[in-house]
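Letter by letter, the chains look like this.
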Amino acid sequence: MLNSRHLMAHSTYIPEVAHEANQAQIAHRVPLLVRLTHWTFTLSFFGLVVSGFAIILAHPHFYWGETGNILTPPLFSLPLPTMLGGPSGWGRSLHFQSAWLAVLSGLLYVISGVASRHFRNELLPAKQEFSLGAWRSCVADHLRLNRLTQNDGYNILQKLAYLGVVFVAFPLMILSGFAMSPSITSVLPWMVEVFGGHQTARTIHFFLANLLVLFLLVHVTMVALAGFTSRLTAMITGRPAAHKEIQ
Amino acid sequence: MSEPLSRRKMITAGLAATVTGVAGLTAAERIAHRYGLIPPDSGGVWGPGETLTYAAQRLLMSHHSMAREFNRSDISKAIPVSGEPPSAGLYKELLESSFRNWRIPIDGMVARPASFSIDELKRMPMSSQITHQACEEGWSFIAEWHGVQLSHVLNLVGVSAKAKYVVVNAYDENWDSLDLADAFHPQTFLTYGLNGDDLSTRHGAPLRLKVARQLGYKSVKFLSRITVTDSLKNIGSGKGSLSPDYGYSWYAGI
């Protein structure tokens, strides 16, 4: 409670503070399309990570610029064995199949989020959320693992993380992937030129993949802290589990 | 609304969606076949991805979109080579006589089957390109390639209107095929020169394919024969090239 009062002092309206009613009452039902695309995307994301790793095994060296090969100095190399054939073959097939599923699920999710005004109403931060006080209390809450179990509205860190992943990281991931395709860049050369070269695009694709895996780890950690069973049930059936999690 | 009713509704809607989906996919497949949007390795577990990628790229690319070209100053100082030239058999004999007896036959669905020596190919109009070649493994280089456009040779022999693919065979048992969009593309060369010199054996002497809009493995080395065909079903395992047998895609435009 002390914490809530502290928060109140800094912000005009923060939904978390407005009501501390029980979860079931305030929980919004997760729309079917969001649940469906969440899980097809989860599946494709695992396919992309596994196959991305398999592809790297064929050449675990990264470069900057247009070209790079064993006769040029790498920007960095991963301490992995070089495996020719095998993983990079099925890896590439799995990567593209997963990428199609990811892009189609992602598109469906973004279109539904725009149409339902989910992004504008629930994810676009209000001006006052950028105030120093609001930031401070939000970060402090995270550090103390306070109020993570509540189910009413996103805080500023969540909003920025989700918007960043959906509207910055994933589009950049797709773009840097396209940049490595000799046929796509024959039609749209700017896709590789914005990165400054084929190998730079490959390296950025790798960095972004790491960032997204990091996001996934934080995402799953936060879900675990907020009540794993309840949140998982909500993402499957649409409603959180009936029983109360530890607050 | 009672629970059973909504469930029945859901099942009905699900069935309707499935039937529509299957009918839609069947229709889409017929149309795709008609417009040449189905790759020869469209079967199997990776078929959907291969087909979506190939179809989307063929629709996106105007047939003559050009791979990026570079300046001479961008040319890589050293070019790594993967694989070794064939060390025995006919290729060894041809190499020992400096390819004097080498000729490449072009046959199949053509009006005037023919064969050409390297000198005859060199007397045809020479084209050059400074392009980026990326290996499927991830590494890449820029080089200048010299050769004759495959389209020039195909026009000399006269390709049948029913033809759909150009198959290339090599002395190292490798084989591959191109659809006509890539076979007639201005940057698809029968290549006999690299960075101002004759092609070295390590780079595929005396003649290799150069397909600028696809990954390196599509630029087959040590060419021995070119065949024009309307179907790939009876060649090898019927998937359009040797690559699918090793887990790689037939289409390497990625």
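Residues numbered from 1 in each chain as written. Chains lettered and ligands numbered in written order. Predicted model: local features only at pLDDT ≥ 70, side-chain atom pairs only at ≥ 80, totals over all residues.

Q: How should the overall build of chain A be read in this particular structure?
A: The helix and strand inventory of chain A stands at eleven helices and two strands. Overall, chain A shows an N-to-C arrangement of helices and strands of α-α-α-α-β-β-α-α-α-α-α-α-α. A buried classification covers 27% of the 247 residues belonging to chain A. Long-range contacts, defined as pairs at least 24 residues apart, comprise 70% of the intrachain contacts of chain A with a sequence gap of at least 6. (Helix = DSSP H or I, 4+ residues; strand = E, 2+ residues; numbered from the N terminus. Buried ≥ 20, exposed ≤ 12 C-beta atoms within 10 Å, placed from the backbone. Contact = placed C-beta atoms within 7 Å.)

Q: Would you take a moment to explain the overall build of chain B for this structure?
A: Secondary structure assignment for chain B yields six helices and ten strands. The buried share of chain B, taken over its 254 residues, is 41%. Sequence separation of 24 or more characterises 66% of the internal contacts of chain B that already satisfy a separation of 6 or more.

Q: Mind showing me how you'd approach the nonpolar core here?
A: Soluble globular proteins tend to bury their nonpolar side chains together. Residue and element names in this part refer to chain B. Residues Val 166, Val 168, Leu 190 and Leu 223 are the most contacted members of the largest nonpolar core, which totals 40 residues. The greatest single-element share of this core, amounting to five residues, is contributed by strand S5 (residues 165–170). Sequence-distant contacts of Leu 223, that is, excluding residues within four places in its chain, are made with Ile 104, Val 168, Ala 170, Leu 207, Arg 208 and Leu 209. (Core = buried A, V, L, I, M, F, W, Y, C linked by C-beta atoms within 7 Å.)

Q: Would you mind showing me how to read the sheet that holds strand S6 (residues 175–179) of chain B here?
A: For sheets, the rule is that strands pair by backbone hydrogen bonds, running either parallel or antiparallel. Residue and element names in this part refer to chain B. Ordered by their spatial adjacency, five strands build an open sheet running S2-S1-S10-S5-S6, and the pairing between neighbours is mixed. Of all strands in the sheet, those with a lone pairing partner are strand S2 (114–116) and S6, marking the two edges. Averaged over all pairs of adjacent strands, the angle between their axes in this sheet comes to 20°, without regard to strand direction. Summarising the sheet, S5 and S6 pair through five bridges and their orientation is antiparallel. Bridge pairing in S6 links Val 168 to Asp 176. (Pairing = 2+ DSSP bridges. Axes fitted to C-alpha atoms, helices over the stretch in contact; angles between N-to-C directions.)

Q: I tried to follow the interface of chain A and chain B on my own but got confused; where do I start?
A: Interfaces are often described in size by the accessible area the parts lose on coming together. Taken together, the contact between chain A and chain B spans 28 residues of the former and 35 residues of the latter. Broken down by secondary-structure element, the contributors of at least two residues to the side of chain A that touches chain B are helix H5 (87–115), helix H9 (182–187) and helix H11 (198–237) of chain A.

Q: Just checking my understanding: could you explain the packing of H5 of chain A against helix H2 (residues 47–60) of chain B for this structure?
A: When two helices pack together, their arrangement is given by the angle between their axes and by how far apart the axes lie. The contact between H5 of chain A and H2 of chain B brings their axes to 8 Å, and the two run at 70°. Between H5 of chain A and H2 of chain B, the interaxial angle falls into the category roughly perpendicular. Each of Ser 93, Phe 96, Gln 97 and Trp 100 of chain A in H5 of chain A lies in contact with H2 of chain B, whose residues at this interface are Pro 48, Gly 49, Leu 52 and Thr 53 of chain B. Its residues assigned to classes, the contact of H5 of chain A with H2 of chain B shows four nonpolar, four polar and no charged. (Parallel < 35°, antiparallel > 145°, perpendicular 65-115°, else oblique. Nonpolar A, V, L, I, M, F, W, Y, C, P; charged D, E, K, R; others polar.)

Q: Teacher, can you tell me more about unusual backbone geometry here?
A: It is generally the case that most residues other than glycine have a negative phi and that most peptide bonds are trans. Cis rather than trans, the peptide bond between Ala 205 of chain B and Pro 206 of chain B has omega equal to 0°. One can find Pro 206 of chain B in the loop between strand S8 (197–198) and strand S9 (208–211). Backbone geometry at Arg 117 of chain A places phi at a positive 60°, although glycine is not the residue there. Considering the arrangement of structural elements, one finds Arg 117 of chain A in the loop between H5 and helix H6 (118–123). Assessed through the 10 C-beta atoms surrounding it within 10 Å, Arg 117 of chain A is described here as exposed. Although it is not a glycine, Ile 254 of chain B sits at a positive phi angle of roughly 35°. Tracing the chain through its elements places Ile 254 of chain B in the segment after strand S10 (223–229). Since 21 C-beta atoms lie within 10 Å of it, Ile 254 of chain B is described here as buried.

Q: Sorry, what's going on with helix H5 (residues 150–157) of chain B here?
A: An α-helix turns once per 3.6 residues; consequently, residues spaced three or four apart project the same way. Residues and elements named next belong to chain B. Those residues of H5 lying buried are Leu 150, Leu 154 and Val 157. End-on, the buried residues of H5 take up no more than an arc of 65°, which puts them together on one face. Lining the buried residues of H5 we find strand S1 (104–108), S2, strand S4 (140–149), helix H6 (180–183) and strand S7 (188–194). (Arc of directions from axis to C-beta.)

Q: Honestly, the environment of Leu 223 of chain B in this entry has me stumped. Any pointers?
A: All names here are of chain B. Among the secondary structure elements, Leu 223 is positioned in strand S10. Judged by C-beta crowding, with 22 C-beta atoms within 10 Å, Leu 223 ranks as buried. With 28 residues separating them along the chain, Leu 223 and Asn 195 place their C-alpha atoms 19 Å apart.

Q: Before we go on, may I ask you to explain the pairing of S6 of chain B in this structure?
A: Taken residue by residue, a regular strand's side chains alternate between the two faces of the sheet. A large share of S6 of chain B lies buried, amounting to four of its five residues. In this structure, the hairpin formed by S5 of chain B and S6 of chain B is closed by a connection of four residues, where Glu 173 of chain B is found at a positive phi of approximately 75°.

Q: Whenever I open this one, the pairing of S4 of chain B confuses me. Can you help?
A: Residues and elements named next belong to chain B. Of all the ten residues making up S4, eight are buried; the element is thus mostly covered by neighbouring parts of the structure. Bridge analysis of strand S3 (residues 127–134) against S4 gives eight bridges, and the strand direction is antiparallel. Residue pairing across strands places Ile 130 opposite Glu 144, the latter belonging to S4. What sits between S3 and S4 in their antiparallel hairpin is a turn of five residues, with Gly 138 showing a positive phi close to 130°. The pairing of S4 with S7 spans five bridges and is antiparallel. Paired with Trp 145 across the two strands is Leu 194, which belongs to S7.

Q: Before we go on, may I ask you to explain the environment of Tyr 171 of chain B in this structure?
A: Residue and element names in this part refer to chain B. Among the secondary structure elements, Tyr 171 is positioned in the loop between S5 and S6. Measuring from C-alpha to C-alpha, the distance between Tyr 171 and Arg 7 comes to 63 Å, with 164 residues separating the pair along the chain. Excluding anything up to four places from it in sequence, Tyr 171 contacts Pro 86, Leu 90, Tyr 91, Phe 222 and Ser 224.

Q: Explanation requested: the environment of Lys 233 of chain B in the structure shown.
A: Residues and elements named next belong to chain B. Tracing the sequence through the fold places Lys 233 in the segment after S10. Under the C-beta neighbour-count criterion, Lys 233 is labelled exposed, with 12 such atoms within 10 Å. The spacing of Lys 233 and Pro 40 is 193 residues in sequence and 7.9 Å in space, taken between C-alpha atoms.

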